[in-house]
Amino acid sequence: MIVLGIESSCDETAAALVRDGREILSSVVSSQVEVHHRYGGVVPELASRKHLEAITRVVREALDAAGLGLAAVEAVAVTQGPGLIGSLLVGFSFAKALAYAGGLPWVGVNHLEGHVHALYLSGDPPEFPFVVLLVSGGHTGLYHVISPTRMQRIGQTRDDAAGEAFDKVAKMLCLGYPGGAVIDRIAREGDPAKIRFPRPYLDKEGFDFSFSGIKTAVAKYIAVNREEFKSRVTDIAAGFQEAVVEVLVYKLVRAAGARQVERVAMVGGVAANRRLRERLEAEAGREGLKVHVPPTELCGDNAAMVAAAGYHLIQSGRRGGLDADVFSRNR
Ligand code: KG4
Ligand code: ZN
């Protein structure tokens, strides 16, 4: 079954064609980064307008790249939430109208579950069950995945998402937006042990996260070292990144132990972080766990993951209704 996936939850307009939830026929991601860059973050009003301008072109490009016409599409999957309401409504309404006009089955997909499905689109998908760390700009959580359509939350952030902390620290260091990839890059030139920021373990035994404290610790360091901080940017970036990575890896490995699984995975924009990938490989490997991380281009927001998640929902009998609405927060 060929599923057309559509994603517009934040600042990426994306469309993809995926066969049987496994094989990407095309995947187009149109980023609005240039539009939001100068504001230092996503401006919701602008984001929805840009989605509206891009959506038809992006879907057309996805069909062209796959060498297919609309007639080849057998079902439509679209992100329903969580995300920015105005942005979600553009992709959601477009998908609904397309499905209605073509008489096609369609389904709304939870964006977070979508991220997990990026794992099945790469060469080495994990067998069930496994524990996955979802780390993105909007969410950070641990999930026990039992089947393609069943996952249980083990823990989540009580305040900022890890990606949000990366973005805010990058802003404090005048590195621009979005900051995760820049911190990843410049941290390589710094010494992660030179400036030690607190490890926000919260409760060491539990599985919830908290990243606002570490962000405040970086802000304090900058305020106290007003004169010298510009010459220490790489060390600050490396020290901050190390603290976040250590907590994420520690909790993921412990969650695998608690749920007695042999496989761990990591998805979402922050899963592209090289230090995080290195340390997870090393520490999970030491515990005898098999590690699954999607290729970098499937870590961030894309529509192939939405199509893959939608395929499994449709196979299990789920269908969207014409009165369905989007949602901003996870339920
Ligand atoms: O999954 P995603 O594309 O969008 C959301 O659903 O939020 O994640 C975007 C987040 C941003 O906060 C960005 O700074 C972060 O992922 N990110 C990274 C890296 N690449 C992107 N964070 C750390 N290291 C990276 N290499
Ligand atoms: Zn995302």
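Structure report, in brief. Just so we're clear, the structure is a prediction, and the values are computed from it rather than from any experiment.

This part is about the pairing of strand β6 (residues 130-135). In terms of residue burial, β6 counts as a mostly covered element, since six of its six residues are buried. Burial along β6 is two-sided: the face carrying Phe-130, Val-132 and Leu-134 and the face carrying Val-131, Leu-133 and Val-135 are both buried. Both β6 and strand β7 (residues 140-147) contribute to a ladder of six bridges, which runs antiparallel. Across the sheet, Val-131 pairs through a bridge with His-144, a residue of β7. Linking β6 to β7, which pair antiparallel, is a turn of four residues.

Here the zinc ion (ligand 2) is held by the protein donor atoms His-111 (NE2), His-115 (NE2) and Asp-301 (OD), which lie 2.0 to 2.1 Å from it. Note that the zinc ion (ligand 2) binds four donor atoms; their angles at the metal cover 94 to 139 degrees, and the shape is irregular. The sequence motif formed by the donor residues of the zinc ion (ligand 2) is H-x3-H-x185-D. Of the two residues, His-115 is situated in helix α4 (residues 111-117) and Asp-301 in the loop between α10 (296-299) and α11 (304-315); the sequence distance between them amounts to 186 residues. Residue classification places Asp-301 among the buried residues on the basis of a relative accessible area of 18%.

Within the largest apolar cluster, 53 residues are counted, with the highest numbers of intra-cluster contacts made by Val-135, Leu-142, Phe-197, Phe-240 and Leu-248. Counting residues per element, the ones that place at least two in this core are β6, α5 (162-172), α6 (180-187), α7 (212-224), α8 (233-259), β9 (263-267) and α9 (274-286). Looking at which element gives the most residues to this core, the answer is α8, with 15 residues. Those residues in contact with Leu-142 that lie beyond four places of it in its chain are Val-131, Val-132, Leu-133, Gln-152, Arg-153, Ile-154, Gly-155, Phe-207, Phe-209, Lys-251, Leu-252 and Ala-255. Ile-6, Ala-54, Leu-63 and Val-326 belong to the second largest nonpolar core, which has 23 residues in total.

Taken together, 19 residues form the shell around ligand 1, and within it Gly-137, Asp-167, Asp-184, Gly-269 and Asn-273 come nearest. A distance of 2.6 Å is found between an oxygen atom of ligand 1 and a side-chain nitrogen or oxygen belonging to Asp-167. Here Asp-301 contributes a backbone N or O atom positioned 3.1 Å from an oxygen atom of ligand 1. For the shell around ligand 1, the elements supplying multiple residues, two or more each, are α4, α5 and α6. Taken together, the residues of the shell around ligand 1 break down into five nonpolar, 11 polar and three charged.

Before going further, it helps to examine the packing of aromatic side chains. Enumeration over the complete set of coordinates arrives at six aromatic pairs. Taking the centre distance of 5.4 Å and the plane angle of 75 degrees together, the rings of Phe-92 and Trp-106 count as edge-to-face. Remark: Trp-106 occurs in strand β5 (residues 106-110) and Phe-92 occurs in helix α3 (residues 85-102); sequence separation between them is 14 residues. Looking at Phe-92, the relative accessible area reads 2%, which means it is buried. Judged by its relative accessible area of 5%, Trp-106 falls in the buried class. Consider the rings of Phe-166 and Phe-240, whose centres lie 5.1 Å apart with planes at 75 degrees: the pair is edge-to-face.

As summarised here, the arrangement of the five strands in space is β8-β7-β6-β9-β10, forming an open sheet in which the pairing is mixed. Taken across any chain shown, the strands that pair with only one partner, and hence form the sheet edges, are β8 (150-156) and β10 (290-292). Sheet twist, expressed as the average angle between the axes of neighbouring strands with direction ignored, equals 25 degrees. Against the sheet, α9 makes contact with β6, β9 and β10, and its axis sits at roughly 175 degrees relative to β9, the strand it touches most.

Bringing the sheet that holds strand β1 (residues 2-7) into the picture now. Hydrogen bonds along the backbone pair up the strands of a sheet, which may run parallel or antiparallel. The five strands are arranged β3-β2-β1-β4-β5 in an open sheet whose pairing can be described as mixed. One side of each edge strand has no neighbouring strand; the edge strands of this open sheet are β3 (23-31) and β5. Looking at each pair of strands side by side, their axes are set apart by 20 degrees on average, direction ignored. For β1 and strand β4 (residues 75-81), the ladder comprises four bridges, and the chain directions are parallel. In the sheet register, Leu-4 faces β4, and the bridge partner there is Val-76. Against the sheet, α3 touches β1, β4 and β5, its axis set at about 155 degrees to β4.

This brings us to the side chain of Thr-13. Position of Thr-13 among the secondary structure elements: in strand β2 (residues 12-19). Side-chain polar atoms of Thr-13 contact the side chain of His-51, separated by 2.9 Å. Residues contacting Thr-13, with those up to four places away along its chain left out, are Glu-7, Val-28, Val-29, Ser-30, Gln-32, Lys-50, His-51, Ala-54, Ile-55 and Val-58.

What counts, and at which threshold
Residues numbered from 1 in each chain as written. Chains lettered and ligands numbered in written order. Predicted model: local features only at pLDDT ≥ 70, side-chain atom pairs only at ≥ 80, totals over all residues. Heavy atoms only, no water. Buried < 20%, exposed > 50% of the residue type's maximum accessible area, 1.4 Å probe, protein only. Helix = DSSP H or I, 4+ residues; strand = E, 2+ residues; numbered from the N terminus. Pairing = 2+ DSSP bridges. Donors = N, O, S within 2.8 Å, 3.2 Å for Na, K, Ca; no water. Tetrahedral: all angles 85-135°; square planar, octahedral: opposite > 155°, others 65-115°. Core = buried A, V, L, I, M, F, W, Y, C linked by side-chain atoms within 4.5 Å. Contact = heavy atoms within 4.5 Å. Near = heavy atom within 4 Å. Polar contact = N/O pair within 3.5 Å; in protein donor to acceptor, adjacent residues only side chain to side chain. Nonpolar A, V, L, I, M, F, W, Y, C, P; charged D, E, K, R; others polar. Phe/Tyr/Trp six-rings, centres within 6.5 Å; stacked < 30°, edge-to-face > 60°. Axes fitted to C-alpha atoms, helices over the stretch in contact; angles between N-to-C directions.

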